[in-house]
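Below are the chains, spelled out letter by letter.
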Amino acid sequence: PPISKYFLAKLKSGQFKNPVVHFGPEDVVGSAAHRGLMSLDCALMLCKSNLSAINESWQDLLDVIFALREVDVLPSRIAEFDDFADSQGNPLPPSKFAISSQHKVREYNQSISSTSNSASNDGFWRSLFGFGSKSVIRDANNTDKIDVDVTKTSDLLECLKKIANHAQLDQIIMKHPNNNIAKRILSKLIDCLLPAEIDDPRFEHNSVFALELAARLLISNNSNSTDLFPMFLSKFEELFAPKTPGSEDSSLVLKFPYLLERIVVTIMRACIHLYDIVELRIHLQKSLKLIEDLPSSFTRTIGDRLGCGLAIVLRGCFYLFETSDEWSTIKTLLDIAAQDKSGRGFVFDGIASVIDYALPSPDGEEDEGAENKIEPMLSHDGAEAMTTLLLNFLHGSYENDLTYKIPSMMCMKKVYGCLQGARTLSNTSHDHLQLIDWEKMVTTIYNDVCLSDDGLIAKNGFESLKRVLLSTNVESIPEENWFILLDMVSGRPPCIAVQQARTSSLGFIERLFLMLMPYLSKKKENWVKLEEFTITMASLARQNLRAGRATELFETTVHTLTNIANVMSMTGYVDGEGVNFCAWVSETLLDELERVGACGGVHAMMVAAHAQNLS
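All values derive from a computational prediction rather than experimental measurement.

A. Focus on the overall build of the protein chain. A tally of regular secondary structure across the protein chain gives 27 helices and 2 strands. Considering only intrachain contacts with a sequence separation of at least 6, the fraction spanning at least 24 residues in the protein chain is 72%. In the form shown here, the protein chain has an accessible surface area of approximately 29000 Å², with 51% of it arising from carbon and sulfur atoms.

B. Geometry of helix H10 (residues 203-220). The end-to-end C-alpha separation of H10 is 26 Å, in line with the 26 Å expected for 18 residues at 1.5 Å each. Where burial is concerned, most of H10 is hidden: 16 out of the 18 residues are buried.

C. A look at the nonpolar core. In terms of nonpolar packing, the biggest core is built from 172 residues, with Leu-485 and Met-517 touching the most fellow members. Ranked by the residues each element gives to this core, the list is headed by helix H12 (residues 257-274), at 11 residues. Excluding residues within four positions of it along the chain, Met-517 makes contact with Leu-512, Leu-530, Phe-533, Thr-534, Met-568, Tyr-573, Phe-581, Cys-582 and Val-585.

D. Highlighting the packing of aromatic side chains. With the rule as written, the count across this model stands at 20 aromatic pairs. On the basis of an interplanar angle of 65 degrees and a centroid distance of 6.1 Å, the ring pair of Phe-66 and Phe-209 is categorised as edge-to-face. One end of the pair, Phe-66, is in helix H3 (residues 58-70); the other, Phe-209, is in helix H10, and 143 residues separate them in sequence. For Phe-66, a relative accessible area of 7% puts it in the buried group.

E. Local environment of the confidence of the model for the protein chain. Put simply, the protein chain has an average pLDDT of 79, and 76% of its residues get 70 or more. Low pLDDT (under 50) marks residues 128-137, which in the prediction has 44 contacts with non-local residues, meaning those over four places away or in another chain. Note that residues 365-370 has pLDDT below 50 and, in this model, 2 contacts with residues that lie over four places away or in other chains.

F. Structural view of unusual backbone geometry. A positive phi angle is found at Asp-72, which is not glycine, with a value near 60 degrees. As for its position among the elements, Asp-72 is in the loop between H3 and helix H4 (76-79).

G. Local environment of the pattern of salt bridges. Scanning the entire structure with this criterion turns up 21 salt bridges. Arg-344 is paired through a salt bridge with Glu-399; the nearest N and O atoms lie 2.6 Å apart. Note that Arg-344 is positioned in helix H17 (residues 341-358) and Glu-399 in the loop between helix H18 (380-395) and helix H19 (405-426), a separation of 55 residues in sequence. Taking the relative accessible area as the measure of exposure, Arg-344 reaches 2% and is therefore buried.

H. Focus on the packing of helix H15 (residues 303-317) against H17. Where H15 contacts H17, the two axes come as close as 7 Å, and the packing angle between them is 10 degrees. Classed by the angle they form, the pair H15 and H17 counts as roughly parallel. Side by side, H15 and H17 meet where Gly-303, Asp-304, Gly-307, Cys-308, Ala-311, Leu-314 and Arg-315 of the first sit next to Ser-342, Gly-343, Phe-346, Val-347, Gly-350, Ile-351, Ser-353, Val-354 and Tyr-357 of the second. Here the residues of the contact of H15 with H17 sort into 8 nonpolar, 6 polar and 2 charged.

I. Representation of the packing of helix H22 (residues 479-491) against helix H24 (residues 527-546). For the pair H22 and H24, the least separation of the axes is 10 Å and the interaxial angle reads 25 degrees. The orientation of H22 relative to H24 falls into the category roughly parallel. Judged by the twist between their axes, the crossing of H22 over H24 is left-handed. Judged by residue contacts, Phe-483, Leu-486, Val-489 and Ser-490 of H22 engage Lys-529, Leu-530, Phe-533, Thr-536 and Met-537 from H24. For the contact of H22 with H24, the per-class residue count stands at 6 nonpolar, 2 polar and 1 charged.

J. How the structure looks around the environment of Tyr-258. Along the chain, Tyr-258 falls in helix H12. Each C-alpha atom of the pair Tyr-258 and His-205 lies 8.6 Å from the other, and the pair is 53 residues apart in sequence.

K. Region of interest: the environment of Asp-591. By the secondary structure assignment, Asp-591 is in helix H26 (residues 578-595). For the pair Asp-591 and Ala-538, spaced 53 residues apart in the sequence, the C-alpha separation amounts to 8.8 Å.

L. Looking closely at the environment of Asp-276. Within the fold, Asp-276 resides in the loop between H12 and helix H13 (281-292). Setting aside its immediate chain neighbours within four residues, Asp-276 contacts Arg-281 and Leu-320.

M. Geometry of helix H16 (residues 324-337). The first and last C-alpha atoms of H16 sit 20 Å apart over 14 residues, in line with the 20 Å expected at 1.5 Å per residue. Glu-326, Trp-327, Thr-329, Ile-330, Leu-333, Leu-334, Ile-336 and Ala-337 are the residues of H16 that are buried. The inward-facing, buried residues of H16 abut H13, helix H14 (296-301), H15, H17 and H18.

N. Broad picture of the side chain of Ser-464. By the secondary structure assignment, Ser-464 is in helix H21 (residues 455-471). Contact partners of Ser-464, with chain neighbours within four places excluded, come to Met-409, Met-410 and Lys-413.

Reading the values: rules and limits
- Residues numbered from 1 in each chain as written.
- Predicted model: local features only at pLDDT ≥ 70, side-chain atom pairs only at ≥ 80, totals over all residues.
- Heavy atoms only, no water.
- Helix = DSSP H or I, 4+ residues; strand = E, 2+ residues; numbered from the N terminus.
- Contact = heavy atoms within 4.5 Å.
- Areas by Shrake-Rupley, 256 points an atom, 1.4 Å probe, with all protein chains shown as cover.
- Expected span 1.5 Å × (residues − 1).
- Buried < 20%, exposed > 50% of the residue type's maximum accessible area, 1.4 Å probe, protein only.
- Core = buried A, V, L, I, M, F, W, Y, C linked by side-chain atoms within 4.5 Å.
- Phe/Tyr/Trp six-rings, centres within 6.5 Å; stacked < 30°, edge-to-face > 60°.
- pLDDT = per-residue confidence, 0-100.
- Salt bridge = Lys/Arg side-chain N within 4 Å of Asp/Glu carboxyl O.
- Axes fitted to C-alpha atoms, helices over the stretch in contact; angles between N-to-C directions.
- Parallel < 35°, antiparallel > 145°, perpendicular 65-115°, else oblique.
- Nonpolar A, V, L, I, M, F, W, Y, C, P; charged D, E, K, R; others polar.
- Left-handed = near helix turned anticlockwise from the far one by under 90°.

Here is the structure:
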């Protein structure tokens, strides 16, 4: 509508009965300052009331908002960035990219301040208020802001704050039931990410703010997000693309790392809030894949934000990941975030949180009230992804950091046990865990945990290995891999000086004997290797028994050998060619007990069983 007639009609209707700008007796009526303030107040109010009538002027409105931000008069609800926080609720510290961007703006403000007396009359605030001098002031956060006039700074800033607050700019930018208006605003905000002129020192400073406003517009209009987010993705793909198509030149956005950092944060925020919208998932997946190809030097610098954001995505959306490709993407990104110490803790906490929430206890122990609790279960692909990441933590693959060795082992035991249980219930032939992962898991736990000089750590390791054995179908692992495990156990036993570790190993050795002997001894070609393992284990038992009778190690060794001999002597324990071989194993272990007079009632049971087998 014609602005003059329309504005007069609004005045008559009483819409502006309570103006923000007031005149006192000491004011000069018609001064440039008051004309400027009234114009700004009225213009913003008109914008808020007539959003549908704004067409070409959106860029001008955004320039006004940027200018208000420069002098720090925007309400905190629109000026502050939404960012991730740690587990205590503390916002993450600014990255070096953010600090560098602020430093550039500060230097620019200081440079225009030093030349203000000879400067031209260009500039938003000068044209609005008619002032001819500027200075730089510093706010409570030690950030430089442009002061319009030294003598009028305080009054003008207070008045500008009232105008900005009264205009409710967040309502202009944020939620819009009209999809066309939302797309129009978003289009202008996204255009600010890569304007025609990028040599302006304030380009990155303003671009990240425009991106923040755009992200809030997207999240607050989630009902229209299927139309809005593809606009983001299109711009992100343009920014991430090489400067020259088909070349290996770095993308343009890498020249502005703070803007790139905020794009990464925006992608993760979009996933957190919008992944439940099925139609958007393919677009969100494409945006996540953009992060995969970023240089490691960049991702390490923002490791804390990347790790924290991905942990939230994982925890909030894991049950929505339906394909192996989705899990492959999140696994790759979590691995990237864990490369740097600043993000490693967030990644592990996210994995542990999902496992604790989604998987039942492997021991069948449930929390009180668990029967009434409906939990989203972790998919097969998700469990495999978690296992791979946990193996990296367990093995110290991230900068040789073994901080998470024990907790990762406990998590992995739970994942593996539930994977096997699910496989048994479904009765499918689908491999629950890649053989290479199984071998890596067992080898890592044994070498890095079970052989620890800390007896308690070693004990936890052997308990975890026992759980793995109990959860593993013997026939699902090739025979050569079982022999690799037997060679590792017999060739590198825990040091006898660490008696707690040596004692804990006996339960694992007992499980190996009782699980593997009936299966492996059926083939005569396996007997030589099994004999070597049995003789080595008998030798280790002899060392244990000679270490002293009044020890837990002695008692546990006697109990273990007795139990193995008794079970392997039972009728029906094994059939075929393995019967005689298992009888020999029992006798070999029995000899070690007889050496110290600890045979007990085992001998009579074995003689009776042997006689029955011969008959």
